[in-house]
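Spelled out from the first residue to the last, the chains are:
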Protein chains: 2
Amino acid sequence: MPTLRIALAQVNPTVGDIDGNAAIVRRHTRAAADAGAHLVAFPEMMLTGYPVEDLVFRDSFVAASRAGLRQLAADLAADGLGGLPALVGYLDADGPATLSAAASPDHGPRNALAVLYEGRVVGHYYKHHLPNYGVFDEDRYFVAGDTLTVARIAGVDVALTICEDLWQTGGPFAVARQTGVGLVVSVNGSPYELNKDDVRLPLVRRRAAEAGAAVAYVNMVGGQDELVFDGDSMIVAADGTLLARAPQFVDQLLVHDVELPAADPARPVADGPAASDGARVDDLRVVRLQVSDERPAPAGPPAAGGVVEPVTDEAEVWHALVLGLRDYVDKNRFPSVVLGLSGGIDSAVVATIAVDALGPERVVGVSLPSQHSSEHSREDAAELAKRTGLDFRIEPIQPMVDGFLANLSLSGVTVENLQARVRGVILMALSNQEGHLVLTTGNKSELAVGYSTLYGDSVGGFNPLKDVWKSLVWKLARWRVADAERRGQTPPIPENSITKPPSAELSPGQLDSDTLPDYTVLDPILTGYVDGDLSRAGLIEAGHDEAVVDRVLRMVDTAEYKRRQSAPGPKISIKAFGRDRRLPITNRWREHG
Amino acid sequence: MPTLRIALAQVNPTVGDIDGNAAIVRRHTRAAADAGAHLVAFPEMMLTGYPVEDLVFRDSFVAASRAGLRQLAADLAADGLGGLPALVGYLDADGPATLSAAASPDHGPRNALAVLYEGRVVGHYYKHHLPNYGVFDEDRYFVAGDTLTVARIAGVDVALTICEDLWQTGGPFAVARQTGVGLVVSVNGSPYELNKDDVRLPLVRRRAAEAGAAVAYVNMVGGQDELVFDGDSMIVAADGTLLARAPQFVDQLLVHDVELPAADPARPVADGPAASDGARVDDLRVVRLQVSDERPAPAGPPAAGGVVEPVTDEAEVWHALVLGLRDYVDKNRFPSVVLGLSGGIDSAVVATIAVDALGPERVVGVSLPSQHSSEHSREDAAELAKRTGLDFRIEPIQPMVDGFLANLSLSGVTVENLQARVRGVILMALSNQEGHLVLTTGNKSELAVGYSTLYGDSVGGFNPLKDVWKSLVWKLARWRVADAERRGQTPPIPENSITKPPSAELSPGQLDSDTLPDYTVLDPILTGYVDGDLSRAGLIEAGHDEAVVDRVLRMVDTAEYKRRQSAPGPKISIKAFGRDRRLPITNRWREHG
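Residues numbered from 1 in each chain as written. Chains lettered and ligands numbered in written order. Predicted model: local features only at pLDDT ≥ 70, side-chain atom pairs only at ≥ 80, totals over all residues. Heavy atoms only, no water.

An unreviewed UniProt entry annotates chain A as Glutamine-dependent NAD(+) synthetase of Micromonospora zhanjiangensis. Looking at the Catalytic activity (unreviewed entry) heading of the UniProt record, one finds this comment for chain A: "deamido-NAD(+) + L-glutamine + ATP + H2O = L-glutamate + AMP + diphosphate + NAD(+) + H(+)". In the Function (unreviewed entry) part of its UniProt record, chain A is described as follows: "Catalyzes the ATP-dependent amidation of deamido-NAD to form NAD. Uses L-glutamine as a nitrogen source." (UniProt positions renumbered as here; feature names shortened; annotations may be inferred.)

Given below as structure tokens:
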């Protein structure tokens, strides 16, 4: 069988930045050509970024995507790269955008993949399976395609598919088998989720078996609001062998030689760039497309992309959080970030993530001590600042707190919340004055039970720990310390921040355990209730104490209003608060006693 | 033709309150029976409230809905009401809830309507057309039904439909014609939108013609987070005559006698309560169901529901805002609300809405003057408080502002924002201390261009003006004043608050017009860009100044992060910020120069 040199561009587009994304395509197509590739594939909706959400309803945006695609094809040819077929995801529409895709099942916006060749858009494929669960709302945005495009590229028949087409049984992969393709290309915008990489490889293998063909899977990397795309691009042979796999969370051009059956020359394809109408197979119409027969012998030694081994859960999550934060800051053009440093574990981990993402010179940490702040808290904050090299400031809050107390009659929890809000006002003032993005440091356990002050410690534009249970915060801290030690570096996080009992330090001697169950008890209940949608009965059956379950459920059920106004943060679990889990605020459903 | 006395219960359920909603059904079924009705119909998902969103993924919630329905049927019989067929919306599932309805097209959660009779659930219908646009996400939640249920009730064949079934051509109404029904019942959870009532009547008429039958349309009333259901229930004869129509925004049992053709006794129906399988018509299977043949002569004089005339746009919006606020406060069990009173138009209108919704004894207004507050502002705030009778307080902010300024080096806009945030801290302290819900008073124009201080004037749990353009705020104020004068009452809003130029009063002599175009220029651009998704070119073509368009679009495009953390508020337009309009924060798409 002849060899096809496949290049998968695991790259990081930005939503709405059509020019910038086109520039990424040109740069990586150049690199793929230099590597002697016969084909280069880019992720889902490469040209527009993903997901574009309600931008699909702007006709001007759709028009810009279509025009940008044509321009990109011409620019690639002008770059001398027209002879290398490039698969580029974009936003298309075969009719005006409508409010309701369901109301116009035959036309509307399309999640599309184009074949660019010799300066032109020679063909396209429209995504067939549209995901509409979890973080996905594609029934809102797109009309499903009913055609399978088979492109003859370098003499091999290649079926085009997009993301969800891989996750559903039947459809494009099943039809691909009946059309006798040698390769299925799957372009993706598949968000990170803990252990999802363990699911992807078996899935790609299953589809390779279903299609009876090799599968080239390319996924984007990068942060987009609450989503982090982790890459994990790979090539799997028809027999299920993993041939090459790219690392997660980094840009990579994965180039690999694959032995693939030559297309049957007797099989009809269109004459020239126009697509030919083919027969209907199952529920799809097959369109065959002639792109290129030439396959110059690859230059130099065989290309081997290598197979990257999976990393530990903690490493994976850490890299997801770092990438999610870096892209939120950079894509939104913030020069720097600011956060409050309490000496506690949450702010220490966020500060370390920020330093890893942006470098210490772009991170401002502010110690905001009150009369209830312990000496060790102030010292731990200063020690973290010293170890990481971030820009450290100290702003005692007591004078401002006293100003409010002198003018208002406040007591109890109100005074605790007041301290958190004064800190919020100071951080926002520094943000306004100096241009930093404020980072929030509340973890998922706190957000779940509402253990935070609205407009106080919840202040901020981005929260790296939004989807990280408190138990995992500690694990991440320990992993980061061990990783530093392994590299012979000083660990950024002081041991004391990890080992001391958690406290908000808003009243004398206060501990989290005054208000909440111990996190070893709390987190398993929260994981079951939030991530698992377990019922009260199910939680008790799983061995949790009935009274504690009731107490926890009561807190979760009544904190929805706080979550609604919370800062975005990277999704790492199956049910991140936000797009993944959509509950009414006004909701009297209570299972707890 | 015989007479059917139809009762439509335009009522106000609460999401998740299955027991409370069942009690509403029992109360109104009693009233319908007392009125001699042959049939009583309740809104879409009456038993669970609507929309329940991700609660459908809790098996325990689905089980509670199903059990609650059976219990309700038994309770109605125990109440002596078993002989009156009751149509009650609920949440059903014919299999376990799944993450993806698309993945399990044959079973999963259902948006369902039950027929309760003689103590039992004798039949049901599953919504066929699922809306997945605008505020609706029903492809995420429900599996579409493929059956049309025709229930023989009091000797008349009645087709059952749910909400979106009415808005789509084809499907249940077309099939209903072919089955020869005398009446189609349409149960709804149809949210308010300005002028939607002008669309509904023609639509119901069109469907009556399509079905060749009378249509009984019942919609819920009430606020649910950002949605306000406006009722507007009606009965239209087969020939399109409007027979009865209920007012918007109020509970009502609409009882009306309608002449309807008797069911053909030769047509087969199931023997007893079990449903019989019928033939497939178009894409629906028809199930015929025998409920009751008895039709006791209606007692007393003929029932006539009357036809309510439409009100003005301003009256309609005002009532929507009042209802939306009242239900958010009451359904979430807040005792009272608090808001800052600046003397300006926005806070004056919000205070008046709050007083109309809750009564003056449940509204706290706080004047929060700074050194930049004008004398007339303080006086206008006090005058409004006097006229409405709300609980009025004065908390000067300068001492607290000075506390921050003495300890931090702040200047320019940062100092303006600081003042707004000190006000926010004070309002939240009052909320914590006394239990009030804080109301936000920023209008839609401000929210669109980001003309507000995050965690400052944007503080609050609910914002009545979230979806009200500034121009409309003024119109509402004038309408409310004129309405009071018409009733011989003192207008609640001082004339000066309406006529003075808008100002944030955060720096000396500051006016909105220093930063923003005049609202007569701004609002039409915003309406085109936000509500109409017009492009820059389209806006300029419509006659707007190019430089102003660019300036406005720049502001709108960069304020998405503020909108993401904004308080919920009642939707009144076609594109309310929030569920209606979903845009990424990280988004480099810019049409403006």
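Asker: Which residues make up the UniProt feature "active site" (unreviewed entry) in chain A, and what are the values?
Answerer: All names here are of chain A. In this structure's numbering, the residues bearing the UniProt feature "active site" (unreviewed entry) are Glu44, Lys127 and Cys163. These annotated residues cover 120 residues of sequence, and their C-alpha atoms all fall within 9.6 Å of one another, placing them together at a single site. With respect to the helices and strands, glutamate 44 occurs in the loop between strand S2 (39–41) and helix H2 (59–78). Using a relative accessible area of 0% as the deciding quantity, one classes glutamate 44 as buried. In contact with glutamate 44, not counting residues within four places along its chain, are Tyr50, Gly89, Asn111, Lys127, Glu138, Ile162, Cys163, Val187, Asn188, Gly189 and Met220. Side chain to side chain, glutamate 44 and lysine 127 meet in a polar contact 2.7 Å long. With respect to the secondary-structure elements, lysine 127 resides in the loop between strand S5 (120–126) and helix H3 (138–141). The exposure class of lysine 127 is buried, given its relative accessible area of 1%. Discounting residues that sit within four places of it in the chain, lysine 127 has contacts with Glu44, Tyr50, Asn111, Glu138, Val143, Ala144, Gly145, Ile162, Cys163, Glu164 and Asp165. (Helix = DSSP H or I, 4+ residues; strand = E, 2+ residues; numbered from the N terminus. Buried < 20%, exposed > 50% of the residue type's maximum accessible area, 1.4 Å probe, protein only. Contact = heavy atoms within 4.5 Å. Polar contact = N/O pair within 3.5 Å; in protein donor to acceptor, adjacent residues only side chain to side chain.)

Asker: Provide a residue-level description of the interface of chain B and chain A, including the pertinent values.
Answerer: The partner chain A presents 83 residues to the 82 residues of chain B that form the contact. Across the interface of chain B and chain A, roughly 7,400 Å² is buried in total on both sides, 54% from carbon and sulfur atoms. Joining chain B to chain A, the criterion identifies eight salt bridges. Arginine 588 of chain A is the salt-bridge partner of aspartate 17 of chain B, the closest N and O atoms lying 3.5 Å from each other. (Buried area = accessible area lost by both parts, 1.4 Å probe. Salt bridge = Lys/Arg side-chain N within 4 Å of Asp/Glu carboxyl O.)

Asker: So, the pattern of salt bridges: which residues are in play, and what are the values?
Answerer: Applying the stated criterion across every chain, the model contains 80 salt bridges over all chains. Taking the shortest distance from any N to any O, the salt bridge between glutamate 591 of chain B and arginine 58 of chain A comes out at 3.8 Å. Separated into two different chains, glutamate 591 of chain B in the segment after helix H18 (560–564) and arginine 58 of chain A in the loop between S2 and H2 make up a pair that spans both. The same class applies to glutamate 591 of chain B as to arginine 58 of chain A, namely buried. For the salt bridge of glutamate 560 of chain A with arginine 581 of chain A, the shortest nitrogen-to-oxygen distance reads 3.7 Å. Here arginine 581 of chain A lies in the segment after helix H18 (560–564) and glutamate 560 of chain A lies in helix H18, a separation of 21 residues in the sequence. For glutamate 560 of chain A, a relative accessible area of 8% gives the class buried. The exposure class assigned to arginine 581 of chain A is buried, which follows from its relative accessible area of 6%.

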